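Here is what each chain is made of, one letter per residue.
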Amino acid sequence: MRITIIGGHGKVALLLAPLLVAAGHDVRSVVRNPDHVTDVEATGATGVVSSVEEADVAALATLLDGTDAVVWTAGAGGGSPERTKAVDRDAAIRSMDAAEATGIGRYVMISFSGAFPDVRVGADNPFRTYQDAKIAADEHLRGTGLDWTILAPGTLTDEPGGREVNPTARFRDGDEAPRELVAQVAAGVLGDPRASRRTLVFGAGNVPLDAWLDDASS
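Residues numbered from 1 in each chain as written. Predicted model: local features only at pLDDT ≥ 70, side-chain atom pairs only at ≥ 80, totals over all residues. Heavy atoms only, no water.

Undergrad: Can you help me understand the side chain of arginine 106 in this one?
TA: In this fold, arginine 106 is placed in strand 5 (residues 106-110). Those residues in contact with arginine 106 that sit more than four places away from it in its chain are Asp68, Ala69, Val70, Asp147, Trp148, Thr149, Val189, Leu190, Asp192 and Ala195. (Helix = DSSP H or I, 4+ residues; strand = E, 2+ residues; numbered from the N terminus. Contact = heavy atoms within 4.5 Å.)

Undergrad: Explain the environment of glycine 162 here, please?
TA: As for its placement among the helices and strands, glycine 162 is situated in the loop between strand 7 (155-157) and strand 8 (164-168). Residues glycine 162 and leucine 190, spaced 28 residues apart in sequence, show a C-alpha to C-alpha distance of 18 Å.

Undergrad: I'm lost on helix 7 (residues 209-216) in this one. Help?
TA: Since the α-helix turns once every 3.6 residues, residues separated by three or four places project in the same direction. Buried within helix 7 we find Leu209, Trp212, Leu213 and Ala216. Along the axis of helix 7, the buried positions cluster into a sector of 95 degrees, meaning they face one direction only. Where helix 7 is buried, its residues contact strand 8, helix 6 (179-189), strand 10 (198-204) and strand 11 (207-208). (Buried < 20%, exposed > 50% of the residue type's maximum accessible area, 1.4 Å probe, protein only. Arc of directions from axis to C-beta.)

Undergrad: Mind showing me how you'd approach the packing of aromatic side chains here?
TA: The way to describe two aromatic rings as a pair is by their centre distance and the angle between their planes. In this structure the tally under the stated criterion is 4 aromatic pairs. Ring centres of phenylalanine 112 and phenylalanine 127 lie 5.7 Å apart, and the angle between their planes is 85 degrees; this geometry places the pair in the edge-to-face category. Placement of the pair is phenylalanine 112 in the loop between strand 5 and helix 5 (128-142) and phenylalanine 127 in the loop between strand 5 and helix 5, with a sequence separation of 15 residues. Residue classification places phenylalanine 127 among the partly exposed positions, given a relative accessible area of 37%. Consider the rings of phenylalanine 127 and tyrosine 130, whose centres lie 5.6 Å apart with planes at 50 degrees: the pair is tilted. Using a relative accessible area of 28% as the deciding quantity, one classes tyrosine 130 as partly exposed. (Phe/Tyr/Trp six-rings, centres within 6.5 Å; stacked < 30°, edge-to-face > 60°.)

So, in structure tokens, the structure goes:
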């Protein structure tokens, strides 16, 4: 497949790109900062410079033209509330609309295990803006006609990934997921119909990915 990673200089994206390249995919990694192209291309992906925060649906459709699958890993990274809404919610939603307009089937969203209305933090918690933005983006994706998968890992760590998960139906406080594991799961679900139109919540564990997807699809 020709796969476009949006947010290509993020830690998960930099781990995901070489996995996809090694599997024989043509990978394009979108970055906002031209200085990041060298890092991206060291993974074997092709660097593409574009600000998805500023691009409208038409511009994103042009950016995604010829793509078979999109992986969204972009985020404001704890910036201002306004930028969090602009990137994690609005730009993500525009990318979904652009994917539909372009006829792209596959869309994988890297979300997090707290992106559910029933586990929202208090309105006065600074984290709430990010949580609301991710909830809105995920809910929009579920309402599209895309062949989507939402990956909802627990708290991200820099521990080594082991390609095995601790699956759970909903948020579970204390679950952690190495970024390398998130990249491994994203690479594993991209071409797997068992992950289609599913929200997969997980942390690190001892359940092999294949067994997890079997159980999730049953």
